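# A structural walkthrough
Residue strings, one per chain:
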Amino acid sequence: MNTNTLNNTESTKKTGYFGIYGGMFVPPALEPKLNKLSEVFEQLKNNLHFVKEFHYYLNQYVGRPSPLSFAPRLSEYVGSRIYLKREDLNHTGAHKINNTIGQILVAKFMGAKEIIAETGAGQHGVATATAAAMFGMKCKIFMGQKDAERQQLNEYRIKLLGAEFITTNRGTGTLKDAVDAALEYFIENPDSFYIIGSVVGPHPYPSMVRFFQSVIGTESRKQIIEQEGKLPDSIFACVGGGSNAIGLFSGFLEDENVKIFAAEGGGEGLYPGRTAATLEMGKQMVYQGTYSYCMADENGNPIDTYSIAAGLDYPGVGPEHAFLKDVKRAEYHCITDNEAIESFKLLSVLEGIIPAIESSHAVALAVKLLKNKNALSIINLSGRGDKDVDRKLI
Ligand SMILES: Cc1ncc(COP(=O)(O)O)c(C=O)c1O
């Protein structure tokens, strides 16, 4: 495989494309704002002072580097050597904070007066409200009504952190509806800065969120070499919009012998309306500002998704994942609710680690594919399961 294609050419990077996917498909009112953001981000990501400041907060506030923990009992159970990348140990309990710290520094640099964000599982909402509190900025979090009901702990945390919490009743009351509400507010309020929570949306978000989350992959690559003296045979992550997965994968894309696996929110199985397995069942189209895969009907209209995991319950997916699927650099698999619940229990009992229900999808895929393979593997544990324990999943 030509790894140059995986990294994109300079020109595709600049315009925000991953192969044919990505781009900036937005109303004219938003274009100048996003072009400015793109210009500023291009400068900042090459600015040593900015990168140093970002890493200062990752280190001192988030608690990075997160450990890469060997999971002895899970390894024995599966018959492979499994490590867990412990994003669940980050401040606020998920990978989302890596990105919100990065983007709030960009917002500060651009003189933004107000931070806004959408949230599905509530982890990105909590991470954004946290960063806004720390930097003393006004903050609004948009969340779908259904998600607010199934992730009540995070609604409480967001309010406690001083952010304004806005629920939306539109659509199915899930992540896509929260994105629509936040985008509308962003267009109408020129002084706001929209911290998107995943590698989705128009350029420059997929590249910018990737940049801030790539710390997961950079650390994991170094840690596995230190601990095992070699690269893993395979790596695993769950995919909603795809940010924790891109974060991990980015560290290994050029290592052709490292197999890359992603678990989508399969819901009740591969039936339209009952699943969120976008890359297995979706169509190539423009959705929420980017060209990628999206769950749609035969007329190309986006359709509702379903997954037990609010963070995976989204009809779109980041454009880089669409690209990685097409060039066959990563494999995307459907993990059902029941399989995820089994792994939620399994990891709790075997390792004393309660994973987020989103992360449990990655664990389930690894358990399935690694059985008696004697492989060396990393699973990205994108978050902890506190938010899911009162949902009576078991
Ligand atoms: C713990 C956790 N993992 C994974 C995800 C999915 O997001 P992404 O695919 O952007 O990593 C979420 C989203 O809320 C989450 O809270």
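Residues numbered from 1 in each chain as written. Predicted model: local features only at pLDDT ≥ 70, side-chain atom pairs only at ≥ 80, totals over all residues.

### With respect to helix α15 (residues 337-351)
For α15, which comprises 15 residues, the first-to-last C-alpha distance of 21 Å matches the rise-based estimate of 21 Å (1.5 Å per residue) to within 8%. Within the sequence span of α15, burial applies to D337, A340, S343, F344, L347 and E351. Along the long axis of α15, the arc covered by the buried residues comes to 120 degrees, so they all point the same way. On its buried face, α15 sits against α5 (72-78), β10 (259-267), β13 (330-336) and α16 (357-370). At the C-terminal side of α15, G352 shows a positive phi close to 70 degrees. (Helix = DSSP H or I, 4+ residues; strand = E, 2+ residues; numbered from the N terminus. Expected span 1.5 Å × (residues − 1). Buried ≥ 20, exposed ≤ 12 C-beta atoms within 10 Å, placed from the backbone. Arc of directions from axis to C-beta. Contact = placed C-beta atoms within 7 Å.)

### What about the sheet that holds strand β7 (residues 164-168)?
Hydrogen bonding along the main chain pairs the strands of a sheet, whether they run parallel or antiparallel. Judged by pairing direction, the sheet is parallel, and its four strands sit side by side in the order β7-β6-β5-β8 without closing on themselves. In this open sheet, the two edge strands, each paired with only one partner strand, are β7 and β8 (192-194). When strand polarity is set aside, the average angle formed by the axes of neighbouring strands in this sheet is 25 degrees. Here strand β5 (residues 114-119) runs beside strand β6 (residues 138-144); their pairing, made up of six bridges, is parallel. In the strand pairing of β6, E114 is matched with K138. (Pairing = 2+ DSSP bridges. Axes fitted to C-alpha atoms, helices over the stretch in contact; angles between N-to-C directions.)

### Focus: the sheet that holds β13
Sheet architecture is open: six strands sit in the order β3-β4-β14-β9-β10-β13, paired in mixed fashion. Taken across any chain shown, the strands that pair with only one partner, and hence form the sheet edges, are β3 (68-70) and β13. For this sheet, the mean inter-axis angle between neighbouring strands, taken without regard to orientation, is 30 degrees. Across seven bridges, the pairing between β10 and β13 is parallel. Of the residues in β13, the one forming a bridge with G267 is T336. Sitting on the sheet, α15 touches β10 and β13, and the angle it makes with β13 is about 90 degrees.

### Looking at the site of the ligand
In the vicinity of the ligand lie 21 residues, with S198, G240, S243, G311 and G383 positioned nearest. Looking at the shell around the ligand, the elements that each hand over two or more residues are α7 (123-134), β9 (234-239), α12 (243-249) and α16. Per-element accounting of the shell around the ligand gives the leading share, three residues, to α12. By residue class, the composition of the shell around the ligand is seven nonpolar, 13 polar and one charged. Each of domain 1 (24-58 + 96-205) and domain 2 (65-94 + 215-391) accounts for three or more of the residues forming the shell around the ligand. (Near = placed C-beta within 6 Å. Nonpolar A, V, L, I, M, F, W, Y, C, P; charged D, E, K, R; others polar. Domains from an automatic or database assignment.)

### Comments concerning the packing of helix α4 (residues 48-62) against helix α6 (residues 96-109)
Two elements in contact, α4 and α6, have axes whose closest approach is 10 Å; the angle formed by their N-to-C orientations is 140 degrees. Taken together, the axes of α4 and α6 are oblique relative to one another. Considering only the axes of α4 and α6, their crossing is right-handed. Side by side, α4 and α6 meet where F50, E53, F54, Y57, L58 and V62 of the first sit next to I97, N98, I101, G102 and L105 of the second. (Parallel < 35°, antiparallel > 145°, perpendicular 65-115°, else oblique. Left-handed = near helix turned anticlockwise from the far one by under 90°.)

### Comments concerning α7
Taking 1.5 Å of rise per residue, the twelve residues of α7 would be expected to cover 16 Å, and the 16 Å separating its terminal C-alpha atoms lies within 8% of that figure. Within the sequence span of α7, burial applies to Q123, H124, G125, V126, A127, T128, A129, T130, A131 and A132. Packing partners of the buried residues in α7 comprise α6, β5, β6 and α9 (152-160).

### Here we look at the environment of L381
Among the structural elements, L381 can be located in strand β14 (residues 376-381). Owing to 33 C-beta atoms within 10 Å, L381 belongs among the buried residues under this scheme. Separated by 294 residues in the primary sequence, L381 and E87 have C-alpha atoms spaced 5.7 Å apart. Apart from the residues within four sequence positions on either side, L381 is in contact with L84, K85, R86, E87, D88, P355 and S359.

### Describing the domain arrangement of the protein chain
What the domain assignment reports for the protein chain is domain 1 (24-58 + 96-205) and domain 2 (65-94 + 215-391). Each side of the interface is counted separately: domain 1 has 30 residues, and domain 2 has 31 residues. A per-class count over the side of domain 1 that touches domain 2 returns 14 nonpolar, twelve polar and four charged.

### Quick look at the environment of G111
Structurally, the position occupied by G111 is in the loop between α6 and β5. Looking at G111, the number of C-beta atoms within 10 Å reads 8, which means it is exposed.

### Looking at the environment of S360
Turning to its location among the elements, S360 is positioned in helix α16. Judged by local crowding, S360 falls into the buried class, with 33 C-beta atoms found within 10 Å. Taking C-alpha positions, S360 is 9.2 Å from L346, a pair spaced 14 residues apart along the chain.

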